[in-house]
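# Structural overview
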Amino acid sequence: IYTLSLHDALPISSWQHINGVFAMNEKKNAFTLLETLTALSVISMILMFFIINFNVFSKISEKQEIKQLINDLNYNRNMAISSCSFSLIYLDFDKNSYSFKNPVVDNGRKQQVKLKHLKFIYKVPNRYEAVIFTPTGAPSKGYAIGIKGEHKKYEITIQPATGKVNLKEDIK
(Lines give C-alpha, C1' and ligand atoms only; values in the text may rest on other atoms or scores of the structure.)
Protein backbone atom coordinates (compact mmCIF):
# COMPACT_ATOMS: atom_id res chain seq x y z
CA ILE A 1 0.00 0.00 0.00
CA TYR A 2 1.34 3.36 -1.02
CA THR A 3 0.42 6.47 1.03
CA LEU A 4 0.95 10.06 0.01
CA SER A 5 2.60 12.37 2.39
CA LEU A 6 2.59 16.13 2.34
CA HIS A 7 6.07 15.93 0.89
CA ASP A 8 4.79 13.96 -2.12
CA ALA A 9 1.84 16.29 -2.76
CA LEU A 10 3.82 19.53 -3.07
CA PRO A 11 6.24 20.22 -5.92
CA ILE A 12 9.90 19.73 -5.20
CA SER A 13 10.67 23.39 -5.80
CA SER A 14 8.66 24.41 -2.74
CA TRP A 15 10.66 22.12 -0.41
CA GLN A 16 14.10 22.77 0.94
CA HIS A 17 16.45 20.34 2.65
CA ILE A 18 17.71 21.87 5.91
CA ASN A 19 19.80 19.78 8.37
CA GLY A 20 18.38 16.50 7.15
CA VAL A 21 14.77 17.71 7.42
CA PHE A 22 12.67 18.82 4.52
CA ALA A 23 11.06 22.20 5.21
CA MET A 24 8.77 24.27 2.99
CA ASN A 25 10.19 27.47 1.48
CA GLU A 26 8.63 30.60 2.94
CA LYS A 27 6.76 32.79 0.46
CA LYS A 28 8.12 36.30 0.09
CA ASN A 29 5.74 39.17 0.94
CA ALA A 30 6.18 41.30 -2.17
CA PHE A 31 4.21 42.19 -5.29
CA THR A 32 5.20 40.70 -8.60
CA LEU A 33 5.98 42.89 -11.58
CA LEU A 34 2.73 41.85 -13.25
CA GLU A 35 0.64 42.81 -10.22
CA THR A 36 2.35 46.20 -9.99
CA LEU A 37 1.87 46.96 -13.70
CA THR A 38 -1.79 45.91 -13.53
CA ALA A 39 -2.45 48.20 -10.57
CA LEU A 40 -0.70 51.13 -12.25
CA SER A 41 -2.65 50.65 -15.48
CA VAL A 42 -6.00 50.58 -13.62
CA ILE A 43 -5.09 53.74 -11.69
CA SER A 44 -4.00 55.52 -14.88
CA MET A 45 -7.27 54.61 -16.64
CA ILE A 46 -9.31 55.99 -13.74
CA LEU A 47 -7.30 59.24 -13.75
CA MET A 48 -7.66 59.56 -17.52
CA PHE A 49 -11.44 59.21 -17.17
CA PHE A 50 -11.56 62.09 -14.66
CA ILE A 51 -9.32 64.32 -16.77
CA ILE A 52 -11.49 63.79 -19.85
CA ASN A 53 -14.64 64.50 -17.84
CA PHE A 54 -13.15 67.72 -16.44
CA ASN A 55 -12.41 68.92 -19.98
CA VAL A 56 -15.98 68.14 -21.03
CA PHE A 57 -17.30 69.93 -17.94
CA SER A 58 -15.38 73.12 -18.76
CA LYS A 59 -16.71 73.06 -22.35
CA ILE A 60 -20.27 72.70 -21.08
CA SER A 61 -19.79 75.54 -18.58
CA GLU A 62 -18.42 77.75 -21.34
CA LYS A 63 -21.46 77.03 -23.54
CA GLN A 64 -23.84 77.72 -20.66
CA GLU A 65 -22.26 81.10 -19.96
CA ILE A 66 -22.46 82.18 -23.61
CA LYS A 67 -26.12 81.08 -23.76
CA GLN A 68 -26.85 82.99 -20.55
CA LEU A 69 -25.34 86.17 -22.01
CA ILE A 70 -27.43 85.78 -25.17
CA ASN A 71 -30.55 85.14 -23.06
CA ASP A 72 -29.84 88.27 -21.01
CA LEU A 73 -29.42 90.34 -24.18
CA ASN A 74 -32.72 89.02 -25.52
CA TYR A 75 -34.38 89.58 -22.13
CA ASN A 76 -33.31 93.23 -22.13
CA ARG A 77 -34.53 93.66 -25.69
CA ASN A 78 -37.91 92.20 -24.74
CA MET A 79 -38.08 94.33 -21.57
CA ALA A 80 -37.45 97.46 -23.63
CA ILE A 81 -40.35 96.52 -25.91
CA SER A 82 -42.79 95.54 -23.15
CA SER A 83 -42.06 98.52 -20.91
CA CYS A 84 -41.78 101.06 -23.78
CA SER A 85 -38.53 102.34 -22.31
CA PHE A 86 -34.81 102.10 -22.89
CA SER A 87 -32.96 99.09 -21.56
CA LEU A 88 -29.18 99.00 -21.05
CA ILE A 89 -26.52 96.32 -20.57
CA TYR A 90 -23.14 97.43 -19.24
CA LEU A 91 -20.14 95.28 -20.16
CA ASP A 92 -17.33 95.58 -17.62
CA PHE A 93 -14.12 94.44 -19.32
CA ASP A 94 -11.99 95.01 -16.20
CA LYS A 95 -14.13 92.85 -13.91
CA ASN A 96 -15.10 90.47 -16.72
CA SER A 97 -18.79 90.86 -15.94
CA TYR A 98 -21.92 92.51 -17.25
CA SER A 99 -24.86 94.15 -15.56
CA PHE A 100 -28.26 95.31 -16.69
CA LYS A 101 -31.26 97.16 -15.39
CA ASN A 102 -34.52 98.43 -16.71
CA PRO A 103 -35.78 101.55 -14.92
CA VAL A 104 -39.44 100.49 -15.21
CA VAL A 105 -39.20 96.73 -14.62
CA ASP A 106 -37.71 95.26 -11.40
CA ASN A 107 -37.87 98.73 -9.76
CA GLY A 108 -34.63 99.64 -11.50
CA ARG A 109 -32.73 96.95 -9.58
CA LYS A 110 -29.35 96.25 -11.16
CA GLN A 111 -28.44 92.62 -11.87
CA GLN A 112 -24.75 91.76 -12.19
CA VAL A 113 -23.38 88.59 -13.79
CA LYS A 114 -19.71 87.57 -13.45
CA LEU A 115 -18.23 85.44 -16.23
CA LYS A 116 -16.12 82.57 -14.89
CA HIS A 117 -15.17 80.64 -18.03
CA LEU A 118 -15.29 83.42 -20.64
CA LYS A 119 -13.44 86.71 -21.12
CA PHE A 120 -14.55 89.79 -23.03
CA ILE A 121 -12.03 90.70 -25.75
CA TYR A 122 -13.63 93.55 -27.68
CA LYS A 123 -16.84 95.45 -28.31
CA VAL A 124 -17.63 97.45 -31.40
CA PRO A 125 -18.29 100.40 -31.72
CA ASN A 126 -16.95 101.43 -28.31
CA ARG A 127 -15.63 99.30 -25.48
CA TYR A 128 -16.94 101.54 -22.69
CA GLU A 129 -20.40 102.19 -24.06
CA ALA A 130 -23.43 100.23 -22.87
CA VAL A 131 -25.54 98.14 -25.22
CA ILE A 132 -28.75 100.17 -25.47
CA PHE A 133 -32.10 98.81 -26.62
CA THR A 134 -34.71 101.42 -27.61
CA PRO A 135 -38.44 101.09 -26.79
CA THR A 136 -38.96 99.44 -30.18
CA GLY A 137 -36.49 96.66 -29.27
CA ALA A 138 -33.91 97.81 -31.80
CA PRO A 139 -30.46 98.69 -30.48
CA SER A 140 -29.32 102.28 -30.75
CA LYS A 141 -26.65 101.00 -33.20
CA GLY A 142 -25.19 97.68 -34.33
CA TYR A 143 -22.93 95.91 -31.86
CA ALA A 144 -20.29 93.19 -32.02
CA ILE A 145 -18.97 91.67 -28.80
CA GLY A 146 -15.89 89.44 -28.90
CA ILE A 147 -15.57 86.79 -26.23
CA LYS A 148 -12.75 84.32 -25.64
CA GLY A 149 -13.29 81.01 -23.93
CA GLU A 150 -10.82 78.34 -22.96
CA HIS A 151 -11.75 76.25 -26.01
CA LYS A 152 -13.22 78.69 -28.57
CA LYS A 153 -13.60 82.33 -29.52
CA TYR A 154 -17.09 83.73 -29.97
CA GLU A 155 -18.61 86.83 -31.49
CA ILE A 156 -22.06 88.06 -30.57
CA THR A 157 -23.58 90.50 -33.03
CA ILE A 158 -26.71 92.55 -32.52
CA GLN A 159 -28.36 93.70 -35.73
CA PRO A 160 -29.11 97.44 -35.78
CA ALA A 161 -32.63 97.44 -37.24
CA THR A 162 -34.16 94.36 -35.63
CA GLY A 163 -32.13 93.78 -32.48
CA LYS A 164 -31.65 90.12 -33.39
CA VAL A 165 -28.80 88.56 -31.42
CA ASN A 166 -26.51 86.22 -33.41
CA LEU A 167 -23.67 84.00 -32.25
CA LYS A 168 -20.62 83.04 -34.27
CA GLU A 169 -18.26 80.37 -32.91
CA ASP A 170 -14.59 79.73 -33.66
CA ILE A 171 -13.86 83.18 -35.02
CA LYS A 172 -10.27 84.07 -35.92
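Conventions adopted
- Each chain carries its own residue numbering, running from 1 in the written order of its sequence.
- Reporting of local features is limited, given that this is a predicted model, to residues whose pLDDT is at least 70; pairs of side-chain atoms are given and counted only at 80 or more, and all residues count toward the totals for whole chains, interfaces and linings.
- To get the side-chain values, take all heavy atoms of the structure and skip hydrogens and water.
- Strands pair, by our definition, only if DSSP identifies at least two bridges between them.
- Helix numbering and strand numbering both begin at the N terminus, where a helix is a DSSP run of H or I of at least 4 residues and a strand a DSSP run of E of at least 2.
- Only the stretch in contact is used when a helix axis is fitted, and all axes are lines through C-alpha atoms; the angle between N-to-C directions ranges over 0 to 180 degrees.
- Only one rule defines a salt bridge in this text: a Lys or Arg side-chain nitrogen within 4 Å of an Asp or Glu carboxyl oxygen.
- Buried means the residue's accessible area, taken with a 1.4 Å probe over protein chains only, is under 20% of the maximum for its type, while exposed means over 50%, and partly exposed covers the values in between.
- As used in this record, nonpolar core signifies buried Ala, Val, Leu, Ile, Met, Phe, Trp, Tyr and Cys residues forming a set joined through side-chain atoms within 4.5 Å.
- In what follows, a contact means two residues having at least one pair of non-hydrogen atoms within 4.5 Å.
- To count toward a patch, a residue needs a relative accessible area over 30% and no salt bridge; like charges are then connected within 9 Å, while nonpolar side chains (Val, Leu, Ile, Met, Phe, Trp, Tyr) are connected within 5 Å.
- Only the protein chains shown count as cover for residues, and all accessible areas are computed by the Shrake-Rupley method using a 1.4 Å probe.
- By convention, a stacked pair of Phe, Tyr or Trp rings (six-membered ring in the case of Trp) has centres within 6.5 Å and planes under 30 degrees apart, an edge-to-face pair has planes over 60 apart, and any other such pair is tilted.

Here we come to the sheet that holds strand β6 (residues 118-124). Hydrogen bonds between backbone atoms are what pair the strands of a sheet, whose relative direction is either parallel or antiparallel. Within the open sheet, the four strands sit side by side as β6-β8-β9-β10. Their pairing is antiparallel. Each edge of the open sheet carries a strand with a single partner, namely β6 and β10 (165-169). For this sheet, the mean inter-axis angle between neighbouring strands, taken without regard to orientation, is 20°. Here β6 runs beside strand β8 (residues 143-149); their pairing, made up of six bridges, is antiparallel. Paired with V124 across the two strands is A144, which belongs to β8.

Our next topic: the pattern of salt bridges. Under the defined criterion, the tally for this structure stands at three salt bridges. The closest approach of N and O atoms between E169 and K63, which form a salt bridge, is 2.9 Å. Remark: K63 occurs in helix α2 (residues 33-83) and E169 occurs in strand β10; sequence separation between them is 106 residues. K168 is the salt-bridge partner of E155, the closest N and O atoms lying 3.7 Å from each other. One end of the pair, E155, is in strand β9 (residues 153-158); the other, K168, is in strand β10, with 13 residues separating them in the sequence. The exposure class assigned to E155 is buried, which follows from its relative accessible area of 15%. Counted as one network, the salt bridges with shared partners bring together K63, K152 and E169.

One finds L73, Y98, F120, V131, I147 and I156 to be the most contacted residues of the largest nonpolar core, which totals 22 residues. Those elements that place two or more of their residues in this core are α2, β3 (87-92), β4 (97-101), β6, β7 (131-133), β8 and β9. With five residues, the single largest contributor to this core is α2. Setting aside anything within four residues of it in sequence, one finds Y98 in contact with Q68, L69, D72, I89, Y90, L91, D92, Q111, Q112, V113, L115 and F120.

Here we come to a nonpolar patch on the surface. Judged by side-chain polarity, V42, M45, I46, M48, F49, F50, I52, V56 and I60 come together as a nonpolar surface patch covering roughly 880 Å² of accessible area. With respect to the helices, strands and loops of the structure, I60 is situated in helix α2.

With that out of the way, let us pick up the packing of aromatic side chains. Applying the stated criterion across every chain, the model contains three aromatic pairs. Relative to F100, the ring of Y98 has its centre 6.4 Å away and its plane inclined at 20°; by these criteria the two rings are stacked. The class of F100 is buried, set by a relative accessible area of 4%. Three or more aromatic residues link up through ring pairs in this structure, and these residues are Y75, Y98 and F100.

Glancing now at unusual backbone geometry. Residue C84 is not a glycine yet carries a positive backbone phi of 50°. One can find C84 in the loop between α2 and β3. What makes C84 exposed here is its relative accessible area of 61%. Even without being a glycine, N96 presents a positive backbone phi close to 50°. Its location among the elements puts N96 in the loop between β3 and β4.

Pairing is antiparallel across the open sheet formed by four strands, whose spatial order is β5-β4-β3-β7. Each edge of the open sheet carries a strand with a single partner, namely β5 (111-114) and β7. With direction set aside, neighbouring strand axes in the sheet form an average angle of 15°. Alignment of β3 against β4, held across five bridges, turns out to be antiparallel. Note that in β4 the partner of I89 across the bridge is F100.

Keep in mind these numbers describe shape, not what the thing actually does.
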